[in-house]
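Topology and contacts: notes
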Amino acid sequence: MLTTTLAVLLGTLLVAISGVLFLIALSTLHVTTHAWWDPRTQASTSYTELLPTLGSSFSLIMPCRHESERVMRTTLAHLCSQDHPRVEVIISVGDDDPETVAIARKLAAERGGMVRVSVDTGPVKSKPRQLNTALALCRNDVIGVFDAESIAAPDLLRHVDSCFQVKNADVVQGAVQLINYRDSWYALRNCLEYFMWFRSRLHAYAKRGFIPLGGNTVFVRRDVLRSIDGWDGDCLAEDCDLGVRLSVLHRKIVIAYSPHLVTKEETPDSIRALVKQRTRWSLGFMQVYAKRDWASLPTFRQRVIAWWTLLQQHFMAFTGLCIPICIATALFGKVPVPVALLTFVPLVPAVAALAFDICMLREFGRDHGYRIRLFDYARLVLGTPFYQMLLAFSALRAFVKFRQSDFRWEKTKHAGSHLGYMAVQS
């Protein structure tokens, strides 16, 4: 009797887990493919036509911490060579990082009045706190954020300016693309993940009125940003949090994509760095969910979408827990055949997503001028399960840190690997 009861409970548990995993995989596949369901949808994701007149001036904040002069110099050169004439750059640094402060001041001195340095003197250091300190120095209409290794396209600001005018936007979010896809087995998957996020997923969220913004190449009207007191200094996903708060306030957010206007960056330089980065992002999403600003969205549908989106990191952690359970059940469990078959249901959307990824890898190469080899396709397929396990482990690590209220900032090191790829292309 006891054995039968345990078997029923185990079977019910497995079916429930399979159902949840199926829904997670299906919803992920849906938003990932959003831009390609209809040609009109894909066309609507582009920037607007370039206007002959300029409407805004820009203050670009470049947060830096423990950076090399080579990386900072290259990023700053691209920001200062924009073909938009009304631009200032604020290099944001912390007073506990004297080497980077010295580099920032040296680079600012070389650029005259166009570049200034903001030094955050607060006792607790974080990217959003540095951004808030720099915000006080900004004098222009629109605030833009670029990370220390973000390489902007030379005509990006003119296109963003036109977007603000044509669509009367409060926020314009451009795209970021990692490009050093051949550096490691996980780099290819990481680059493709960014391609999907900025090419399709963000547009799907924008269509539904809930937008977790990206960390850089995001432009916000200064008066709008100041009206909400800037970024949340305690949040590790300050970009996502900003998007949620602006969505609640019905601010108009425009997401735009064009291959030649993406901001180019690099993948983390090791698996350890990748895990730390994803842990920080997952932890930040968990913070945003716990703040419950999203609960003030006007419609029930928007609240459900926000709830589902912000809980993705919890789902990822849940998946991390399920993996060893499923392996143990497959090896030692004696469940009925129908239950065993149901446990394979989540594989259906997962396999469909992998097939879609293969197609998108080809489009990624075409958009950015890379020759995708047969070896790259093989790496994509073989690396997928291991990459998903890395994400699940990172989410689990974030969940543990969240329960322990450990919100320390684990910064991602910038090695400048993407600069070599850009040199080859130029």
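Right above here is the structure, for reference.
Numbering of residues begins from 1 in every chain and follows the order in which that chain's sequence is written. Given that the model is predicted, a residue must reach a pLDDT of at least 70 before its local features are reported, and side-chain atom pairs must reach 80 or more before they are shown or counted; all residues, however, enter totals for whole chains, interfaces and linings. The side-chain values count all of the structure's non-hydrogen atoms but skip hydrogen atoms and water molecules.

Secondary structure assignment for the protein yields 16 helices and nine strands. With respect to the principal axes defined by its C-alpha atoms, the protein has extents near 80 × 45 × 40 Å. The buried label goes to any residue with under 20% of its type's maximum accessible area, the exposed label to any with over 50%, and the partly exposed label to all in between, with areas taken from a 1.4 Å probe on protein chains only. The buried share among the 426 residues of the protein stands at 53%. Any two residues whose heavy atoms approach within 4.5 Å at even a single point are treated as in contact. Once local pairs closer than 6 in sequence are excluded, the contacts in the protein between residues at least 24 apart make up 84%. Note on conventions: DSSP H or I runs of at least 4 residues are helices, E runs of at least 2 residues are strands, and numbering of each starts at the N terminus.

The next thing to look at is helix 7 (residues 185–207). To estimate how far a helix should extend, the number of its residues minus one is multiplied by 1.5 Å. The end-to-end C-alpha distance of helix 7, which contains 23 residues, comes to 34 Å, matching closely the 33 Å that a straight helix rising 1.5 Å per residue would cover. Note on bend: the value at a residue is the angle between axes fitted to the seven residues ending there and to the seven starting there. Of all the bends found along helix 7, the most pronounced is centred on Trp197 and spans about 45°. Of all 23 residues in helix 7, 18 are buried; the element is thus mostly enclosed. With its phi angle positive at about 80°, Gly209 sits one or two positions after the end of helix 7.

In this section: the environment of Thr53. Along the polypeptide, Thr53 turns up in the loop between helix 2 (39–44) and strand 1 (58–63). Distance from Thr53 to Asp161, taken between C-alpha atoms, is 9.2 Å for residues 108 residues apart in sequence.

Attention now moves to the pattern of salt bridges. Any carboxyl oxygen of Asp or Glu within 4 Å of a side-chain nitrogen of Lys or Arg constitutes a salt bridge here. Within this structure, the stated rule accounts for 25 salt bridges. Asp376 is the partner of Arg373 in a salt bridge, and the nearest nitrogen-oxygen pair spans 3.2 Å. Given a relative accessible area of 0%, Asp376 falls into the buried group. Measuring nitrogen to oxygen at the nearest pair gives 2.9 Å for the salt bridge that ties Lys401 to Asp406. The exposure class of Lys401 is buried, given its relative accessible area of 8%. You can call Asp406 buried: its relative accessible area is 13%.

The geometry of a pair of packed helices is captured by two quantities: the angle between their axes and the separation between those axes. Axis definition: a line fit to C-alpha positions, over the contact stretch in the case of helices; interaxial angles, taken between N-to-C directions, run 0 to 180 degrees. Where helix 7 contacts helix 14 (residues 347–368), the axes come no closer than 10 Å and their chain directions differ by 85°. With respect to helix 14, the axis of helix 7 lies roughly perpendicular. Across the interface between the two elements, Leu188, Arg189, Cys191, Leu192, Phe195, Met196 and Arg199 from helix 7 touch Leu354, Phe356, Asp357, Met360, Leu361, Glu363, Phe364, Asp367 and His368 from helix 14. In terms of residue class, the contact of helix 7 with helix 14 is built from ten nonpolar, one polar and five charged. Orientation labels follow simple angle bins: below 35 degrees gives roughly parallel, above 145 gives roughly antiparallel, 65 to 115 gives roughly perpendicular, and whatever is left gives oblique. Note on residue classes: Ala, Val, Leu, Ile, Met, Phe, Trp, Tyr, Cys and Pro are nonpolar, Asp, Glu, Lys and Arg are charged, and everything else, Gly too, is polar.

With respect to the helices, strands and loops of the structure, Ile91 is situated in strand 2 (residues 87–94). The class for Ile91 is buried, based on a relative accessible area of 0%.

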